[in-house]
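The lines below spell out each chain.
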Amino acid sequence: MTGSGLVSRGISKVRELVANAAHFGKAPEGDDLDRIRTQLTECAEGRGGEVSTRQRAARLAETYLRLDDAGRHAFLKLIAHEFGPDPERVAAAHQDYQDAIGTPTQWDAEARLRAAMRSRRLRILTQFNAIPQGVKFLVDLRADLLRFLPEDPLLKPLDRELEARLSAWFDVGFLELQRITWNSPAALLEKLVEYEAVHEIRSWKDLKNRLDSDRRCYAFFHPRMPLEPLIFVQVALLEELADDVQRLLDIEAPLADASKATTAIFYSISATQAGLRGVSFGNFLLKRVIDDLKRDFPRLKSFATLSPIPGLVRWVQRNPEELAEAITAADWKRLAAFGVSDTDINEPPLGGLLSDDNSWTKDDKLVQALREPLLRLAARYLLEARRGDQPIDTVSRFHLGNGARIERLNWLADTSEKGLRQSWGMMVNYLYDPDRLETNLEDFASEGRIDASSAVKRMAKR
């Protein structure tokens, strides 16, 4: 068996053990910590030939995978704190560069300065990248790193370097767009079920419905992670803009005729790898999917989402005055029939009327009384609620940052427990107009300007 085969088999075996049990190692200390430090040093220095380098990196990866959380934290602290650039070497190289400015040796001095600033952390990460399954190992390692960061900000330099490396390795030019179908490998279909983050896939019948002839599912893959979708989008082919996710997910609903479809609805977009946070390729996915759909279905004219509004209820709970401002005198008159007055506004939403048990959805008259004020509130949330210069809503940031327009709000479009809990069942259509994408993207990036339909803008007026 070749050195590469041994490395691959070793990593696969450890991954299998880790997948089927809790972390079974312990935090390294004393001699164990010194042994890991020695392994890291050898990795950073790249001693030996290519095979020995890969085997050394594989052994180090196995060591890491066998550690518990405390051990992994200690491992990452070693890399972050002890394998950065040498401050004295950087200072000396910087002084040489300053002295050489304007002389024939300036560019050689610049090269020496760049070399001095090159971190040994980067050499270690690059060694991991070279081993079989090394890319996935690094993605998972960064997921661990991101978990530890809030309590240990001194890990930030390592995170910056790893994010920069992953951004280069996962450049969209290296990614492959693939359509996922019912005939795709079972292991891949299982990943789809596991990673679905918007609307839970509840059964194989549910999954088959989402992959039927009036649906499409696309994903980006990296050549080094062939059965690991990085991000995937589920699409429904319809004859109009969708306003009810229950109908989209109904496994008993009759098949639509995809050849008559004029509208493509992106109803679920899920990023799958926590370790790739900050590495952006979602906008490229949607552009590529739109091009693919237009080629296969020439009648398609509209491309839109049916998206959740995940932060709405939390925002209102933190800002009850926003709810008060969204309710007009006419609204209060209608709500008075249910025993609610404006004195209840600072109690749990509307004095408990919007109860956690969602019993309010069973009363048609109450549902109608709440419809206008809550839609008004949702419009203001999407157009005005900010964290810094960005929309506070994560889904909104994604779509607006990709050039979409807020097209329409949909009342009780998701009456699942999750949908009611996060947005009282409201959903939003973001429209991807190919003729306006670049302008919207540039306006949002440079000025924070949000494109929205006139109907949504009117709804948000104070």
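Before reading on, note that the structure itself is shown above.
Residues numbered from 1 in each chain as written. Predicted model: local features only at pLDDT ≥ 70, side-chain atom pairs only at ≥ 80, totals over all residues. Heavy atoms only, no water.

As for its placement among the helices and strands, D152 is situated in the loop between helix 8 (134-148) and helix 9 (156-169). For the pair D152 and H73, spaced 79 residues apart in sequence, the C-alpha separation works out to 9.2 Å. Once you skip the residues sitting within four places of it in the chain, D152 turns out to touch H73 and K77. A distance of 2.7 Å separates the side chain of D152 from the side chain of H73, its partner in a polar contact. (Helix = DSSP H or I, 4+ residues; strand = E, 2+ residues; numbered from the N terminus. Contact = heavy atoms within 4.5 Å. Polar contact = N/O pair within 3.5 Å; in protein donor to acceptor, adjacent residues only side chain to side chain.)

In terms of burial, strand 3 (residues 231-238) is largely enclosed, as seven of its eight residues are buried. Relative to strand 3, strand 2 (residues 215-221) runs antiparallel, the two sharing six bridges. In the sheet register, C217 faces strand 3, and the bridge partner there is Q234. (Buried < 20%, exposed > 50% of the residue type's maximum accessible area, 1.4 Å probe, protein only. Pairing = 2+ DSSP bridges.)

On to the packing of helix 2 (residues 31-45) against helix 4 (residues 69-82). Packing of helix 2 against helix 4 brings their axes to within 11 Å, and their N-to-C directions diverge by 50 degrees. Between helix 2 and helix 4, the crossing angle belongs to the class labelled oblique. Judged by the sense of rotation from one axis to the other, the crossing of helix 2 with helix 4 is right-handed. Facing helix 2, whose interface residues are L33, I36, R37 and L40, helix 4 presents F75, L78, I79 and E82. Partitioning the contact of helix 2 with helix 4 into residue classes produces six nonpolar, no polar and two charged. (Axes fitted to C-alpha atoms, helices over the stretch in contact; angles between N-to-C directions. Parallel < 35°, antiparallel > 145°, perpendicular 65-115°, else oblique. Left-handed = near helix turned anticlockwise from the far one by under 90°. Nonpolar A, V, L, I, M, F, W, Y, C, P; charged D, E, K, R; others polar.)

On to the nonpolar core, then. By size, the foremost hydrophobic cluster in this structure holds 105 residues, and its most contacted members are F170, L293, W360, I406 and W424. The leading source of residues in this core is helix 17 (residues 364-384), at twelve residues. In this structure L293 touches R216, Y218, V235, L237, A264, F266, L300 and F303, once residues within four positions along its chain are discounted. (Core = buried A, V, L, I, M, F, W, Y, C linked by side-chain atoms within 4.5 Å.)

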